[in-house]
Each structure stands twice: as C-alpha cells, then as structure tokens.
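Structural overview for review
So the chains spell out like this:
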Amino acid sequence: MSKQINDNKVILAVIAAGTIIALASIATNLGWDKTQAEEVTFSAQDYADIQNLYASYVRATDMGGAGDGSEYADHFTEDGSFNTAKGREALKKLIKGFHARLEKEGWSSRHTVTGLQITPTPEGANASAYLLTFNITANPPYVDHGGIYTDQLVKTKDGWKYKRRTYRSRESFEPGRP
C-alpha cells in the first residue's frame, strides 16, 4: 500500500510540474513576463517635467512666430509628429504657417491646456489634455476654438518630448464670441 501511495505522489508531482510548465509556456507565448507585470512608475520630477513641456509648448505656439520655428519644433523628437506634420522641418513649417495665418487674420492666440492626464508606459508616457484657444486681439477676448490633445511622450537626453501629438477639435464647440 505504501508503494501505491508513493506512486500516486509521483504521479501528482509529475502532473503539477507539467501544469506549471504548460502555464509558463502559455504566459510566455502571450507576451507576459515579469517586466510587463511590473507597474511603470514616474518620479515627481517626471510629472513636473511633463507639465513644464505642456506649458512651454503653448508659449512656443503662441510666441513662436519669430525665427525659423525651431523653438516650437524643439518640443518634439527628431521624427516627432503633430497630426500630419512629421519631422523637424515639417513642424517648423507648420508653426510658421500658423503665425502667417494669424497675422493675415489680424489676431493673436493664447493656447490654454487644462485637465492634463499622464499615464506612464514602458516607452515613456501617454498623455491627454483639453485645449482652449483664446483670440486675445478681440475686445473683449474670447475662446475661439477648443478640443483635445492626445500625445505619446518619450524621455530623451534633452528631457521629455512629444513623439506623436494629435489634436481633435470638438465639432459641438461654439466659440464664445462677444
């Protein structure tokens, strides 16, 4: 009888080992590993630096009409994109065109970002923020348009940068013209 108990223990041990190996294999094939199971966290400095990126970006957008657009493009990685503009030269052209349009239309803008949400990712961060753009030349100034930014951020040797930025306007938004 003790031989049968020992045989049963061996069989159970083999089944348990086989089950563990099978589950480990399935987990590996699904892409689960220890590094992915660990939560990505940021320091308080990372959050502050990303908030500063957003603040600096709106200033470069509103004040970036002088020069060749480099101040604006510096907020992006070398291959960064904003909607369909991709790469440093395209981003410089985008901001210069934006300021040429403002000058032609006779108004100045102030971009205001609110509701910033930052989610750490293994690659950097995903972020989203609301945008309100004011026409400050009007008397009184008013919100001309608004929408939402959706961003992929990466930390570079020069700090946090936009890797991909998209803006979607809110079709239901009605400007608060005076």
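Up top is the structure.
These lines cover the structure that appears in this document, whether it is placed above or below. Quantities reported herein were computed from a predicted structural model and do not represent experimental measurements.

**Here we look at the overall build of the protein**
Scanning the protein for helices and strands turns up five helices and six strands. Sequence-ordered secondary structure for the protein, helices as α and strands as β, is α-α-α-α-β-β-α-β-β-β-β. Residues counted as buried form 33% of the 178 residues belonging to the protein. Residue pairs at least 24 apart in sequence account for 51% of intrachain contacts in the protein once pairs closer than 6 positions are excluded. For the protein, the exposed surface amounts to about 11,600 Å²; the carbon and sulfur share of it is 56%.

**Re the packing of helix α3 (residues 44-63) against helix α5 (residues 88-105)**
In the contact formed by α3 and α5, the axes pass within 9 Å of each other and the chain directions differ by 55°. Classified by the angle between their axes, α3 and α5 sit oblique to one another. In contact with A60, T61, D62 and M63 of α3, α5 contributes I95, F98 and H99. Looking at the contact of α3 with α5, its residues break down into four nonpolar, two polar and one charged.

**Some remarks on the sheet that holds strand β6 (residues 159-169)**
Strand order in this open sheet of six strands is β2-β1-β6-β5-β4-β3, and the pairing throughout is mixed. Since the sheet does not close on itself, it has two edges, and those belong to β2 (85-86) and β3 (109-121), each with one partner. Pairing of strand β4 (residues 124-135) with strand β5 (residues 142-156), which is carried by eleven bridges, proceeds in the antiparallel orientation. What sits directly across from F134, in β5, is V143. Contacts between α3 and the sheet are confined to β1 (76-82), β3, β4, β5 and β6, with β3 contributing the most and set at about 155° to the helix. Contacting β1, β2 and β3, α5 crosses the sheet at an angle of about 50° to β1.

**Some words on the pairing of β4**
Two elements, β3 and β4, share eleven bridges in a ladder whose sense is antiparallel. Directly across from I118, in β4, lies its bridge partner A127. Turn length for the β3-β4 hairpin, with the two strands adjacent in sequence and antiparallel, is two residues. Counting the residues between successive antiparallel strands, the hairpin from β4 to β5 contains six residues.

**Structural notes on the nonpolar core**
I50, Y57 and L153 are the most contacted members of the largest nonpolar core, which totals 25 residues. Listed by contribution, the elements that provide at least two residues to this core are α3, α4 (70-73), β1, α5, β4, β5 and β6. No other element matches α3, which puts five residues into this core.

**Things to note about the environment of I148**
With respect to the helices and strands, I148 occurs in strand β5. Exposure remark for I148: the relative accessible area of 16% places this residue in the buried category. Leaving out residues up to four positions away in the same chain, I148 has contacts with S128, A129, Y130, T166, Y167 and R168.

**Side note on the environment of A55**
Along the chain, the position of A55 falls in helix α3. Expressed as a C-alpha distance, the spacing of A55 and V113, which sit 58 residues apart in the sequence, is 7.8 Å.

**Notes on the pattern of salt bridges**
Counted according to the given criterion, the structure contains eight salt bridges. Between R88 and D74 there is a salt bridge, and its shortest N-O distance comes to 2.7 Å. One end of the pair, R88, is in helix α5; the other, D74, is in the loop between α4 and β1, with 14 residues separating them in the sequence. Linking R101 and E105 is a salt bridge whose minimum nitrogen-to-oxygen distance equals 3.5 Å. Of this pair, R101 and E105 both sit in helix α5, four residues apart, which is roughly one turn of the helix. Because the salt bridges share partners, they merge into one network encompassing D68, E89 and K92.

Reading guide: rules and limits
Residues numbered from 1 in each chain as written. Predicted model: local features only at pLDDT ≥ 70, side-chain atom pairs only at ≥ 80, totals over all residues. Heavy atoms only, no water. Helix = DSSP H or I, 4+ residues; strand = E, 2+ residues; numbered from the N terminus. Buried < 20%, exposed > 50% of the residue type's maximum accessible area, 1.4 Å probe, protein only. Contact = heavy atoms within 4.5 Å. Areas by Shrake-Rupley, 256 points an atom, 1.4 Å probe, with all protein chains shown as cover. Axes fitted to C-alpha atoms, helices over the stretch in contact; angles between N-to-C directions. Parallel < 35°, antiparallel > 145°, perpendicular 65-115°, else oblique. Nonpolar A, V, L, I, M, F, W, Y, C, P; charged D, E, K, R; others polar. Pairing = 2+ DSSP bridges. Core = buried A, V, L, I, M, F, W, Y, C linked by side-chain atoms within 4.5 Å. Salt bridge = Lys/Arg side-chain N within 4 Å of Asp/Glu carboxyl O.

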